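# An overview of the molecular structure
Here's the letter readout for the chains.
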Amino acid sequence: MSKVEEFEELRPLLFSIAYRILGSVGEAEDAVQETWLRFDGSATRPTSTKAYLSAAVTRISIDVLRSARVRREEYVGPWFPEPLLSDPYQDPARSAELADSVSMAALLLLERLSPLERAVFVLREVFGFGYDEVAAAVGRSEAACRQLLARARGHMKAGRPRFEAVREEREELASRFFDALREGDVGGLRELLAADVSMVGDGGGKAPQLSRAVVGPENVARLLASVFPLMARIDVTFEPHEVNGQPGAIFRDRDGKVLHTLALDVLDGQIQTIRSVINPDKLRHIGPVADAWAIDREVKRTRRQPN
């Protein structure tokens, strides 16, 4: 195989590693491109191309994450990962780990880890790399990597339970949720929401967003049932779509431009968290982005008009 063919074969894995470390589609793609430049510029061929490229993209991602931490600390409002509509890397032997690790909830927990802990957790726990490969990738001894992984596991385990295991149940509940949303059915929405449900939005100060999390089934149901019918009147539509491995949807304006994404955390047959990403900078990889401020103004005008 040529260098290009070897690299392209491993590209899905490299992107998936970088995205889980960085939580950003754009930064992950840049890390993969930088990995290619280093590989292409190397005069020697590594014994294991997979190990070499995985180590390279991990080191690059760690460096990017360290610089990104400052920006995220100054971020306006809640910070969410950029929505990922499909994970390019598939491994049937690790499908559960891969799906669980790409969820919004898991990526937000990974934000609590140091860059090294995050990288070690992703390589070992998610992708099943050997400790020797992990150590080579992060530049630490195997013993140090075991300690880093133990700390990372502790943080992740304390953060949340695993999601509902049965995909069909999640999808059926999500279908009922979006049907009730279309109809503005407060009661139908309320019965699908957990007692401690919360709805949170990420606008980054660049789009209209909730001033704070909306908590409780009554409050969340009434807000959703009051807003979406108004948005529908100005031809905002949505298409159910998996977002970060969980049930969700992409909302679009009348021209088909992306307004925001919605992702649902489902556990024990109820919706636990609803996360919306409306920051335009985090949506450009999906397609042309709508003017959320203009839509917000139009919704407010529509609210004042009689039906």
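Let me sum up the structure you'll find in this document. (Residues numbered from 1 in each chain as written. Predicted model: local features only at pLDDT ≥ 70, side-chain atom pairs only at ≥ 80, totals over all residues. Heavy atoms only, no water.)

### Observations concerning helix 11 (residues 217–233)
An ideal rise of 1.5 Å per residue puts 24 Å on 17 residues; helix 11 measures up with 25 Å between its terminal C-alpha atoms. Within helix 11 the residues assigned to the buried category are V220, A221, L224, A225, F228, L230 and M231. Within two residues after helix 11, D235 carries a phi angle of roughly 70°, on the positive side. (Helix = DSSP H or I, 4+ residues; strand = E, 2+ residues; numbered from the N terminus. Expected span 1.5 Å × (residues − 1). Buried < 20%, exposed > 50% of the residue type's maximum accessible area, 1.4 Å probe, protein only.)

### Remarks on the packing of aromatic side chains
Summed over the entire model, instances satisfying the criterion amount to 10 aromatic pairs. Ring plane angle 40° and centroid distance 5.3 Å describe the contact between F178 and F238, whose orientation is recorded as tilted. With F178 in helix 9 (residues 167–183) and F238 in strand 3 (residues 237–240), this pair connects stretches of sequence that are 60 residues apart. The same class applies to F178 and to F238, which are both buried. Among the aromatic residues, those joined into a ring-pair cluster are F177, F178, F228, F238 and F251. The ring of F129 is capped by K50, whose NZ or CZ atom sits 5.4 Å from the centre of that ring. (Phe/Tyr/Trp six-rings, centres within 6.5 Å; stacked < 30°, edge-to-face > 60°. Lys NZ or Arg CZ within 6 Å of the ring centre and 35° of its normal.)

### Let's talk about the packing of helix 1 (residues 3–22) against helix 3 (residues 49–73)
Relative orientation of the contacting elements helix 1 and helix 3 amounts to 30°, with a least axis distance of 9 Å. When the axes of helix 1 and helix 3 are compared, the pair comes out roughly parallel. In this structure, helix 1 crosses over helix 3, and the sense of that crossing is right-handed. Counting all contacts with helix 1, which are made through E6, F7, L10, L13, L14, I17, A18, I21 and L22, the residues of helix 3 involved are T49, K50, L53, S54, V57, T58, S61, I62, V64, L65 and R72. Residue composition of the contact of helix 1 with helix 3, grouped by class: 13 nonpolar, four polar and three charged. (Axes fitted to C-alpha atoms, helices over the stretch in contact; angles between N-to-C directions. Parallel < 35°, antiparallel > 145°, perpendicular 65-115°, else oblique. Left-handed = near helix turned anticlockwise from the far one by under 90°. Contact = heavy atoms within 4.5 Å. Nonpolar A, V, L, I, M, F, W, Y, C, P; charged D, E, K, R; others polar.)

### A short note on the pairing of strand 5 (residues 258–267)
For strand 5, a buried count of 10 out of 10 residues is recorded, marking the element as mostly surrounded by other parts of the structure. Bridging between strand 4 (residues 248–252) and strand 5 involves five bridges; their strand directions are antiparallel. Within strand 5, the position partnered with G248 by the bridge is A263. In sequence, strand 4 turns back onto strand 5 through a hairpin of five residues, with G256 there showing a positive phi of about 85°. Bridging between strand 5 and strand 6 (residues 270–277) involves seven bridges; their strand directions are antiparallel. Note that in strand 6 the partner of A263 across the bridge is R275. The hairpin formed by strand 5 and strand 6 contains two residues between the paired strands, and D268 there has a positive phi angle of roughly 55°. (Pairing = 2+ DSSP bridges.)

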